[in-house]
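As a plain string of letters, each chain reads:
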Amino acid sequence: MSLWTPGIMAHHKNLVFMTLLVFGMVLSGLIYISTNQNSCGPQIIEQVFRMPEEKLRNFGLRSSPGFMYNQPSVLVGRTDVVSMTPWLAPIIWEGTFDPKLIDSIHKHHNLTIATTLFALGKYTRFLKDFLESAEEHYFVGFQVHYYLFTDQPEAVPEVKMGENHHLTVRIVPSMDRWQDISMGRMEILETLMENELANKADYIFCLDVDTKFYGRWGVETLGRLVGVLHPWFFDYPRDQFTYERRQESQAFIPAGEGDYYYTAAAFGGSLADVHHLTKTCRKQLNIDAANSIEAIWHEESHLNKYFVYNKPSKVLSPEYLWRDINISVGQVKIIRFSHVAKNNAEVRPNV
């Protein structure tokens, strides 16, 4: 006589099912832990870096009741320049935005913009003009934290900071080659964002110090990933860009590819996106160094390679990085930020 009655058999099947279910859940958990063990750091950093998007979701693009501004038009505007990339990222020119309106909108978000600059060796002479002009034109009315990296902290001038503007000085070693100073920025920026800025800033801009502000640089420049058109090449065809053309370099861009030529003297965006940019460029610079090759324009070549395949969400016109030695052109109605004229042989440790 069989002991397996229908009731016992059903109970047995339930036990087997529950055992398999528990085993499957445990196995799935172990697989998840194993596959994510090496990616915990980047995932945590990515989560912490999502501050601007969260604020935009919470506040939206709100305009205050009763705030008056000029009526926008869909028929009248700039016709001498292109104000949109083929991937629908805005290109910011004078006359394409209402500064009072966008300031009013972004005031609701309580944003902090980190800004980095490097002044090593004789480049400390440019600090006074940079900081004084920045305090007159750069994100006026918003929270700004400058991070200055220098090998001569005693040479940092005393400049009165505006309301909610702060300056932090960090000491870095001196370097014998300006190329090393230029290329070393990516690693320093990556480390700064990972170790310190995650909970302190919403956006970051990385600017050259041998520059001066002449006009407004404000919230119209904010975006997920922001590139600035190089003043020498903004009206050139791509086959005349000075991209890295040697296949041995990680900065190599094949002929026929590329959109614009971007300057490395000014770039920025959200912490998450700029962190990914600097980390990628740093890795590629290290690979090139291990293979005893330097890209033609150093970190600028790697930046342009990155922007070819990771399109900026906003592009700033040459108004946002001109050169004092450039001749004027009709399309540039205002010079907001510019490199200052200098003798490279005199200020650089090597040429």
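Predicted model, so just to flag it, every value in this text is computed and none were measured. (Residues numbered from 1 in each chain as written. Predicted model: local features only at pLDDT ≥ 70, side-chain atom pairs only at ≥ 80, totals over all residues. Heavy atoms only, no water.)

Asks: In this structure, what is going on with the sheet that holds strand β10 (residues 322–323)? I would like to understand it.
Replies: Adjacent strands of a sheet pair through backbone hydrogen bonds, lying either parallel or antiparallel. Across the sheet, which stays open at both edges, the three strands sit in the order β6-β11-β10 with mixed pairing between neighbours. Two strands bound the open sheet, and with one partner strand each, they are β6 (211–213) and β10. The pairing of β10 with strand β11 (residues 337–339) spans two bridges and is parallel. The partner of Trp-322 across the bridge, within β11, is Ser-338. Running at roughly 25° to β6, helix α5 (residues 127–137) makes contact with β6 and β11 of the sheet. (Pairing = 2+ DSSP bridges. Helix = DSSP H or I, 4+ residues; strand = E, 2+ residues; numbered from the N terminus. Contact = heavy atoms within 4.5 Å. Axes fitted to C-alpha atoms, helices over the stretch in contact; angles between N-to-C directions.)

Asks: I'm lost on a nonpolar patch on the surface in this one. Help?
Replies: A contiguous nonpolar surface patch, about 420 Å² in accessible area, is contributed by Val-74, Leu-75 and Val-76. Relative to the helices and strands, Val-74 is located in the loop between α3 (51–59) and β1 (91–92). (Patch = residues over 30% accessible without salt bridge, like charges linked within 9 Å, V, L, I, M, F, W, Y side chains within 5 Å. Areas by Shrake-Rupley, 256 points an atom, 1.4 Å probe, with all protein chains shown as cover. Salt bridge = Lys/Arg side-chain N within 4 Å of Asp/Glu carboxyl O.)

Asks: How should the pairing of strand β7 (residues 225–229) be read in this particular structure?
Replies: The side chains of a regular strand alternate, first on one face of the sheet and then on the other. A large share of β7 lies buried, amounting to five of its five residues. Side chains of β7 alternate between two faces, with Leu-225, Gly-227 and Leu-229 and Val-226 and Val-228 buried alike. Bridging between β7 and strand β8 (residues 262–270) involves four bridges; their strand directions are antiparallel. From the neighbouring strand, Leu-229 faces β8, where its bridge partner is Tyr-262. Taken together, the three bridges between β7 and strand β9 (residues 314–316) define a ladder with parallel strand orientation. Bridging from a neighbouring strand, Val-226 pairs with Lys-314 of β9. (Buried < 20%, exposed > 50% of the residue type's maximum accessible area, 1.4 Å probe, protein only.)

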